[in-house]
Amino acid sequence: MQEYGEGERLAPLRIGVAGLGNVGATLVRILQKDGEDLTRKLGRQLVVTAVAARSRSRDRGIDISGVEWFDDPVALAKSEGIDLFIELIGGEDGPAFAAVKAALEIGRPVVTANKALLAKHGVTLARLAEETGTQLGFEAAVAGGIPVIKTLREGLGSASIAKVFGIMNGTCNYILTRMGNEDISFADCLKDAQALGYAEADPTFDVEGFDTAHKLSILATLCFGFEIAPDQVQVEGISRITQHDIKVAAELGYKIKLLGIAQRSEEGVEQRVHPAFVPKNSAIAGVDGVMNAVALETDHVHELLLAGPGAGGPPTASSVLSDILDIARGTRVPPLGVPSQELLPYRQAPMRPHEGGYYIRLNAKDVPGALAAIATRMGERGISIDSVIQRSDLSAKAVAPDGSPTRTVVMMTQQTLESSVRESLAQIASDGFIVGEPQLIRIERL
């Protein structure tokens, strides 16, 4: 009887890597270090035969002396010297898109970690891969080392997913965790995150929620079978979170997390990214630091939580390697879970009342009748107030233009429409009873 792997060994899989930053260099290092073990498992050798990057002279801690160098990633993607193209350049257009498209057009399989590219061009690239009969892998594009893409494409069978949500950005989770544990400001946490390499010099893409929105739009397509729609995600970041918000959340039994949430209904799909109060005893609240987590609510397995490191060289390179192994084994699945022609046009679900209610923090003028007027405006739009908190230790330094002192007021609402809350706050601001922009955070009953 022939043992597994004793048959005719396949020819080596020749790999071209475009982009030798942290993830790319780590991937090459893993392939060189663990090459013998991988060959034994696959019955096929994995060999990096060509690379492309901006600088030849930079020391990346890897030996690429015997590897063919390309200055142009598109030329690498088309090279006859590779069987598989790995895109780790980044960016939704430019050389990343051109190189991936060039490889797929000639039927060459592609693995990418580029969520921005997939959010904008994912349907087009998936269709191209299907037309040329090749594979497009992107496990590393969402949640770093967590195998959520493979789970959605292959692991759930016929399970129907009603909701996907989670923590999908390690930078934001690190900042919020530090703010909660150490009583320090957003600005100070951000500086530390930049010094540690968790945040970019320009952190806007991360802290304002756009990175999470790209990842969420990809997950929503895999979960619900609609076309990718990153422009239909309601996005709010964490830059306005203060220690006042962190303190109230903790006292009421919550933590603040930046969540991406996509939910399907008969009317369509709702996608939103925003900070949220989550119960301290929920599984998602225990995901701290740079960790990520994705939760799936399904009919067969109920709630499934996948958690792990969401960023960094080794976790992300590990997910890239997972796709490489699948391609080396000949695994074939539609890139977006179903054939691209079967994806439904995206339908935005109408806004529904938020069951968990809202946390509202505002600086109100400390004058007679101000609080009553605020409550009246809320009542006019059918908003029920659960509780009102006024304490000196929550006071923010603010003075009204007319010189009136202010006090910080925190309100918790019952279930209501977000549009109603925002309309009420706009009317309250026009009445002149508050100073500055109110803080509004959803309370999630996870």
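Everything below is about the structure printed above this text.
Residues numbered from 1 in each chain as written. Predicted model: local features only at pLDDT ≥ 70, side-chain atom pairs only at ≥ 80, totals over all residues. Heavy atoms only, no water.

**A short note on the nonpolar core**
For step 1, the next point in the chain: Residues F85, V148 and I175 are the most contacted members of the largest nonpolar core, which totals 85 residues.
For step 2, the next point in the chain: By residue number, the principal contributor to this core is helix α10 (residues 210-224), which donates eight residues.
For step 3, the next point in the chain: Once you skip the residues sitting within four places of it in the chain, F85 turns out to touch G16, A18, P73, L76, A77, A99, V100, A103, R108, P109, V110 and V111.
For step 4, the next point in the chain: I30, L88, V320 and I327 belong to the second largest nonpolar core, which has 33 residues in total. (Core = buried A, V, L, I, M, F, W, Y, C linked by side-chain atoms within 4.5 Å. Buried < 20%, exposed > 50% of the residue type's maximum accessible area, 1.4 Å probe, protein only. Helix = DSSP H or I, 4+ residues; strand = E, 2+ residues; numbered from the N terminus. Contact = heavy atoms within 4.5 Å.)

**A look at the pairing of strand β7 (residues 161-167)**
For step 1, the next point in the chain: A large share of β7 lies buried, amounting to six of its seven residues.
For step 2, the next point in the chain: Of the pairings in the sheet, the one linking β7 to strand β11 (residues 291-298) comprises six bridges and is antiparallel in character. Note on β11: the bridge partner recorded for F165 is A295.
For step 3, the next point in the chain: Pairing between β7 and strand β9 (residues 254-265): four bridges, direction antiparallel. Bridging from a neighbouring strand, G166 pairs with G260 of β9. (Pairing = 2+ DSSP bridges.)

**Some words on the packing of aromatic side chains**
For step 1, the next point in the chain: Taken as a whole and judged by the stated rule, the model has four aromatic pairs.
For step 2, the next point in the chain: Look at F226 and Y346: their rings are 6.3 Å apart centre to centre, the planes differ by 75°, and that puts the pair in the edge-to-face class. On the criterion of sequence distance, the pair formed by F226 in the loop between α10 and β8 (234-235) and Y346 in the loop between α12 (313-329) and β13 (358-365) is long-range, its members being 120 residues apart.
For step 3, the next point in the chain: Where F277 meets Y359, the ring centres are 4.7 Å apart and the plane angle is 35°; that geometry is what we call tilted. Of the two residues, F277 is situated in strand β10 (residues 268-279) and Y359 in strand β13; the sequence distance between them amounts to 82 residues. Accessibility assignment for this pair places F277 and Y359 in one class, buried.
For step 4, the next point in the chain: Through a chain of ring-to-ring contacts, the aromatic side chains of Y254, F277 and Y359 assemble into a single cluster.
For step 5, the next point in the chain: The ring of F138 carries R153 above its face, with NZ or CZ at 5.1 Å from the centroid.
For step 6, the next point in the chain: Directly above the ring of F165 sits K163, whose terminal nitrogen or CZ lies 5.2 Å from the centroid. (Phe/Tyr/Trp six-rings, centres within 6.5 Å; stacked < 30°, edge-to-face > 60°. Lys NZ or Arg CZ within 6 Å of the ring centre and 35° of its normal.)

**Re helix α14 (residues 418-431)**
Each full turn of the α-helix corresponds to 3.6 residues, which orients residues three or four apart in the same direction.
For step 1, the next point in the chain: Taking 1.5 Å per residue as the helical rise, α14 with its 14 residues ought to reach 20 Å, and the 20 Å between its terminal C-alpha atoms agrees with that figure.
For step 2, the next point in the chain: When α14 is considered as a whole, its buried residues turn out to be E418, S420, V421, S424, L425 and I428. Viewed end-on, α14 has its buried residues packed into an arc of 160°, placing them on one side of the element.
For step 3, the next point in the chain: Phi for G432, located one or two positions after α14, is positive at around 85°. (Expected span 1.5 Å × (residues − 1). Arc of directions from axis to C-beta.)

**Examining the pattern of salt bridges**
For step 1, the next point in the chain: For the coordinates displayed, the defined rule picks out 26 salt bridges.
For step 2, the next point in the chain: The closest approach of N and O atoms between K33 and D34, which form a salt bridge, is 3.3 Å.
For step 3, the next point in the chain: Residue K33 is classed as exposed on the basis of its relative accessible area of 67%.
For step 4, the next point in the chain: With a relative accessible area of 25%, D34 lands in the partly exposed category. (Salt bridge = Lys/Arg side-chain N within 4 Å of Asp/Glu carboxyl O.)

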